[in-house]
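Listed below, chain by chain, are the residues.
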Amino acid sequence: MSGAMMRLAPSADGLGRIARLLEEGTIRPDVATVYALQDAAQAWKDIAGNLPGVHGMSPSGPGAARRRSHGKIVLRVASREHEIRTRAYELYLTRGAQPGRELEDWLQAERELAGE
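Residues numbered from 1 in each chain as written. Predicted model: local features only at pLDDT ≥ 70, side-chain atom pairs only at ≥ 80, totals over all residues. Heavy atoms only, no water.

Caption draft 1: Spotlight on the nonpolar core. Counting residues in each nonpolar core, the largest one holds five residues, listed as Ile84, Ala88, Leu91, Ala109 and Leu113. Breaking this core down by element, the ones donating at least two residues are helix 3 (80–94) and helix 4 (102–114). Here this core gets three residues from one element, more than from any other, and that element is helix 3. (Core = buried A, V, L, I, M, F, W, Y, C linked by side-chain atoms within 4.5 Å. Buried < 20%, exposed > 50% of the residue type's maximum accessible area, 1.4 Å probe, protein only. Helix = DSSP H or I, 4+ residues; strand = E, 2+ residues; numbered from the N terminus.)

Caption draft 2: Layout of the pattern of salt bridges. Inspection of the entire model under this criterion finds seven salt bridges. Arg85 is paired through a salt bridge with Glu81; the nearest N and O atoms lie 2.5 Å apart. Placement of both Arg85 and Glu81 in helix 3 is noted, with a separation of four residues, approximately one turn of the helix. The exposure class of Arg85 is partly exposed, given its relative accessible area of 43%. Taking the relative accessible area as the measure of exposure, Glu81 reaches 45% and is therefore partly exposed. Close ionic contact of Glu90 with Arg87 constitutes a salt bridge, the shortest N to O distance being 3.1 Å. Taken together, the positions of Glu90 and Arg87, both in helix 3 and three residues apart, correspond to about one turn of that helix. (Salt bridge = Lys/Arg side-chain N within 4 Å of Asp/Glu carboxyl O.)

What follows is the structure, encoded as structure tokens:
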């Protein structure tokens, strides 16, 4: 077994080029699973269950034979305010993008997300 150390120094220009390629669909990330940030512990358990000997954890138990084929594990980091803002905007668009009911949209989005 061997390893190599890599050190990356991303630049704003390089990250901007990558963002454009993603937006254009020229490149696509290979995502296996997306977890909410609060589910990071479960994400780690799922990763450890698929890799032998990760930090002293090895696959065992009923799902040990199961292997994920490939892909990144993503932790979705979104504030509650961002989620509310996004849903309020969806409500705004749904009713024809007519201004004047922003507070109503915001409160409706809060109610919907509180009932998850």
